[in-house]
Amino acid sequence: MKYYLSVLAGAMSYGILSTIVVLAYGQGYQLGEVVGTQLIIGFILSWMLALYTKFRAKRRSGNHNHGKSESVSKMFTRLTWKQRLILMAAGTPTVITGLVYYQSLRYIPASLAIILLFQFTWISVLIQAIGKRQRPNKIMFLTLIILFGGTLLAAGFLEQGLNEFSGLGIALGLMAAVSYSLFVLFSGKAVPNAHPAFRSAWMVTGGLILLCILFPPTFLFTGLLWSQLLVFGALLGFFGAFIPPVLFAIGVPHIGGDMAGILGAIELPIAVLLSSIVLHEHVSGLQWMGVVIVLIGVALPELYKLRQRRSQSTPSYS
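What counts as what
- Residues numbered from 1 in each chain as written.
- Predicted model: local features only at pLDDT ≥ 70, side-chain atom pairs only at ≥ 80, totals over all residues.
- Heavy atoms only, no water.
- Patch = residues over 30% accessible without salt bridge, like charges linked within 9 Å, V, L, I, M, F, W, Y side chains within 5 Å.
- Areas by Shrake-Rupley, 256 points an atom, 1.4 Å probe, with all protein chains shown as cover.
- Salt bridge = Lys/Arg side-chain N within 4 Å of Asp/Glu carboxyl O.
- Helix = DSSP H or I, 4+ residues; strand = E, 2+ residues; numbered from the N terminus.
- Axes fitted to C-alpha atoms, helices over the stretch in contact; angles between N-to-C directions.
- Parallel < 35°, antiparallel > 145°, perpendicular 65-115°, else oblique.
- Left-handed = near helix turned anticlockwise from the far one by under 90°.
- Contact = heavy atoms within 4.5 Å.
- Nonpolar A, V, L, I, M, F, W, Y, C, P; charged D, E, K, R; others polar.
- Core = buried A, V, L, I, M, F, W, Y, C linked by side-chain atoms within 4.5 Å.
- Buried < 20%, exposed > 50% of the residue type's maximum accessible area, 1.4 Å probe, protein only.

Undergrad: Is there a simple way to explain a nonpolar patch on the surface in this structure?
TA: A cluster of nonpolar side chains, namely Leu23, Leu273, Ile277 and Val278, defines an oily patch on the protein surface of about 320 Å² accessible area. Tracing the backbone through its elements, the reader meets Leu23 in helix H1 (residues 2-26).

Undergrad: For this particular structure, what's the right way to read the packing of helix H4 (residues 81-104) against helix H10 (residues 196-214)?
TA: Packed helix pairs are characterised by how far apart their axes lie and by the angle those axes make with each other. Contact geometry of H4 with H10 gives a least axis separation of 6 Å together with a crossing angle of 60°. Put simply, H4 runs oblique to H10. Judged by the twist between their axes, the crossing of H4 over H10 is right-handed. In this structure, H4 uses Trp81, Arg84, Leu87, Met88, Ala90, Gly91, Thr92, Val95, Ile96 and Leu99 to contact H10, whose residues at the interface are Arg199, Trp202, Met203, Thr205, Gly206, Gly207, Ile209, Leu210, Leu211 and Leu214. Taken together, the residues of the contact of H4 with H10 sort by class into 13 nonpolar, five polar and two charged.

Undergrad: Can you help me understand the nonpolar core in this one?
TA: Inside soluble globular proteins, nonpolar side chains tend to come together where they are buried. Ranked by size, the top nonpolar core spans 53 residues in total, and within it Tyr102, Ile114 and Leu268 carry the most contacts. It is helix H5 (residues 110-117) that contributes the most residues to this core, seven residues altogether. Residues in contact with Leu268, not counting those within four places in the same chain, are Ile114, Ile115, Phe118, Val291, Val294 and Leu295. Counting 15 residues, the second-largest nonpolar core is a separate cluster that includes Ala90, Ala194, Ala201 and Trp202.

Below is the structure:
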């Protein structure tokens, strides 16, 4: 049960981010300052965890236990610079996702932004289908229809019409979904044998380098960092760049990627709920119905895979 709770808590952490960003914007902070502080805090926490994990593992192995010492050295095999660069490159889509997603919050409600971000579920399927030149199966087509219908309800398009929303905000939200899809597809393939703590640390490092190129961190030298910006950055870094990767690394290997995908959908209702309570955004009953339909669409293909695996593993007595 603790592994399920670990993945749930990690996904819920992601759901908090949009509300914090909107509050930071309300205090007058800019996009580069918000994302920059988040990544700096995430960078520090990630490397602290990586180094502590290595130190603790070496200490546990003991100087006189040769077998354990060898296993620890294999676990923390020194990465080559090529592998480090691959991991840093794999971390850059998270920065692009954060930038366009957080920017979309300037133009559209947080409840709509998170719904648009969740379109990564079908975009990932589309990218994989194009890459493998395979047509999605029937269950995927059904999933896409459910997701599309749920999105129309959850976003409020049917109640208010598209003209009531910013076209730029919607475009940015969908761009965030595409970027996040690329991160999901690439991150799992980037140096999979590396220890999760070091994989996360190098990926955050790559993201921070890209962000410093796009938005030079001038706030480090103007004293702005020591204002409320540090509080917002600490919250975003903790709940966005640090906690989820750690909790997913703990839980996913034990419950599997399919179940993790289902549990990870808790991010959507958490984000919508917080935007309603904290930001006082209006979320109608019809929109909540759409959120539930989107969650069903997200879970459907994973539940189908689980059912197929169970049926194949069940012995036949005929």
